[in-house]
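Report on the structure
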Amino acid sequence: MKEFIVAIELGSTKITGIAGQKNLDGSFSILAVAKEDASQCIRKGVVYNIDKTVMSIQNIVKKLETSLKTKIACVYVGVGGQSLQSIKNVVPRDLDEPTQITYNMIDQLRDTNRSMDYPDREILNAAVQEYKVDNQLNIDPVGIPCKRLEGNFLNIVWRKSFYRNLNRCFELAGVKIAEMRISLLMLANNVLTENEKRTGCVLVDLGAETTSVAVFYRNILRHLVVLPIGGNNITKDIASFQLDESDAEQLKLKYGNAQVTETAYNPTEVIPLDAERKVEMSTFNNVVEARVEEIVTNVAHQIPIEYTNNLLGGIILTGGGANLKNIEHVFRSITNIKKVRTANFILQEINTLDPDIKAHNGRYNTVLSLLVSGEINCAGEDIRNDLFADENADDAAGTEMPKGTVDDFTKVPTPDEKEQEEEERRRRQEELEREAEEQRQAERAERKKNSWGNRAWRSMKSFLGSLVEPED
């Protein structure tokens with residue numbers, strides 16, 4: 001039985017599919033890679049043309065299956081792009097008397113939080129911040145007595161139409177989703193060190209049409225947002241020199257500099273735009289610097305002020321945009337956070353012959369992170385040319401592989417899973433209401449039993465009974 005994981009990332013410039021296998025030493029071997037142009041169907045990281053996206057997904061799967069010589073039964077899918085953001089929510093519960101906190105009470109807080117209604121937004125998942133037990137913050141409050149309990153949550157939301165369109169594309173493509181994951185959080189799990197997340201850090205994924213930001217402190221996600229601005233904005237500015245965007249992109253990669261220092265500045269240096277035209281290097285990089293400054297300033301505004309001075313882990317840059325020369329210097333000068341590093345590759349060891357992945361330029365970090373997080377075998381039946389091949393060959397889909405460490409809040413439930421979760425929440429709520437009603441009835445019966453009238457009647461009944469008892 002074959003075992004491998006398949007991950008698909010729907011990026012703004014390309015859709016990437018990748019298949020890999022986990023080795024005994026913990027490393028991953030890449031078995032196949034497939035790419036499709038996404039410029040006609042994905043915009044700012046979200047689907048806007050369903051038909052073309054469906055065709056691209058089908059092409060990706062066919063290419064991978066041809067390389068693997070095996071059917072793909074299911075795939076891991078990353079969720080990201082414009083409108084993905086986090087929203088804080090506090091769910092309080094006042095208790096009549098000091099009561100020991102139970103798992104049931106925690107579940108009730110989480111259910112109440114998940115039932116929050118955000119207009120035109122879908123809650124993909126929720127990251128627990130802390131629980132406030134009376135006036136003390138606590139990560140694990142079960143067993144502690146209190147009179148007031150508060151759950152502090154960070155809800156990760158996305159536009160409902162984007163969520164529906166993404167699921168619809170895979171449904172129409174006939175591709176089963178093993179699990180959906182929040183891409184930025186999977187990326188964080190695989191490029192950030194435990195020390196960085198514990199001491200506080202900012203992860204910045206510099207993409208083509210979006211810039212994604214995640215803030216961590218004490219191993220807890222504190223803020224998440226996807227900004228609708230990225231490296232393509234720099235390319236379009238360069239294209240204002242009357243260039244095709246593809247030529248402008250090449251010039252950006254070759255000559256672009258996020259911050260030209262005075263010592264490196266050469267006032268006579270020029271850049272050839274084409275066979276006849278040239279532009280001064282200073283003019284070219286003024287355009288680049290202005291747009292980079294705008295992007296970095298927007299990132300800086302996303303860092304919650306309460307964590308600004310506590311981010312000892314610094315800023316970690318990744319994605320294709322992090323390859324721009326001197327980009328780290330701009331982040332240091334604008335954010336005043338001096339510790340900045342670029343994560344050109346994930347922490348997991350990857351074995352591959354693919355030159356694009358071996359380049360370690362950050363462009364494959366997201367899809368690789370999705371891949372190494374996989375726990376379900378995505379291999380289906382072998383593809384055979386034998387006319388008499390067994391039509392009832394075993395399908396390995398759904399077989400669990402050795403589990404890694406994946407935080408629950410990175411997972412996005414599919415529509416079917418959301419319906420199952422909602423049904424489970426309703427069942428729990430009905431059970432709690434039934435228990436509460438039974439408790440109320442028991443209390444009413446006890447109050448009635450101990451009421452003045454009942455006590456008087458029992459006393460009189462006892463007295464009258466003693467009068468009619470026969471004498472010895």
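No experiment lies behind these values; they were computed from the predicted model shown. (Residues numbered from 1 in each chain as written. Predicted model: local features only at pLDDT ≥ 70, side-chain atom pairs only at ≥ 80, totals over all residues. Heavy atoms only, no water.)

Topic: the pattern of salt bridges
Applying the stated rule across the entire model yields 17 salt bridges. Lys 88 is the salt-bridge partner of Glu 306, the closest N and O atoms lying 3.2 Å from each other. Here Glu 306 is found in the loop between α8 (281–301) and β18 (314–318), whereas its partner Lys 88 is found in strand β8 (residues 85–100), with 218 residues between them in sequence. Glu 306 sits in the partly exposed class, given a relative accessible area of 40%. In this structure, Glu 130 engages Arg 222 in a salt bridge whose closest nitrogen and oxygen atoms are separated by 3.0 Å. On the criterion of sequence distance, the pair formed by Glu 130 in strand β9 (residues 121–133) and Arg 222 in strand β15 (residues 220–227) is long-range, its members being 92 residues apart. For Arg 222, a relative accessible area of 4% puts it in the buried group. Ionic contacts of the salt-bridge type, sharing partners, join the residues Asp 94, Arg 148 and Glu 150 into one network. (Salt bridge = Lys/Arg side-chain N within 4 Å of Asp/Glu carboxyl O. Helix = DSSP H or I, 4+ residues; strand = E, 2+ residues; numbered from the N terminus. Buried < 20%, exposed > 50% of the residue type's maximum accessible area, 1.4 Å probe, protein only.)

Looking at the pairing of strand β12 (residues 177–182)
Among the 6 residues in β12, 6 count as buried, and that is most of the element. Relative to β12, strand β7 (residues 75–79) is paired through 5 bridges, and the arrangement is parallel. When the sheet's bridge partners are listed, Gly 78 is paired in β12 with Arg 181. Bridge analysis of β12 against strand β22 (residues 411–412) gives 2 bridges, and the strand direction is antiparallel. In the strand pairing of β22, Arg 181 is matched with Lys 411. (Pairing = 2+ DSSP bridges.)

Re helix α6 (residues 231–239)
α6 sits mainly inside the fold: 8 of its 9 residues count as buried. Buried within α6 are the following residues: Gly 231, Asn 232, Asn 233, Ile 234, Thr 235, Asp 237, Ile 238 and Ala 239. Of the surrounding secondary structure, the elements contacted by the buried residues of α6 are α7 (245–255) and α8. (Contact = heavy atoms within 4.5 Å.)

Let's talk about the packing of α8 against helix α9 (residues 327–335)
Where α8 meets α9, the closest approach of the two axes is 10 Å, and the angle between their N-to-C directions is 50°. On the basis of the axis angle, α8 is oblique to α9. You can see that α8 and α9 cross each other, and the crossing is right-handed. Counting all contacts with α8, which are made through Val 292, Glu 293, Val 296, Thr 297, Val 299 and Ala 300, the residues of α9 involved are Ile 327, Val 330, Phe 331, Ile 334 and Thr 335. Looking at the contact of α8 with α9, its residues break down into 8 nonpolar, 2 polar and 1 charged. (Axes fitted to C-alpha atoms, helices over the stretch in contact; angles between N-to-C directions. Parallel < 35°, antiparallel > 145°, perpendicular 65-115°, else oblique. Left-handed = near helix turned anticlockwise from the far one by under 90°. Nonpolar A, V, L, I, M, F, W, Y, C, P; charged D, E, K, R; others polar.)

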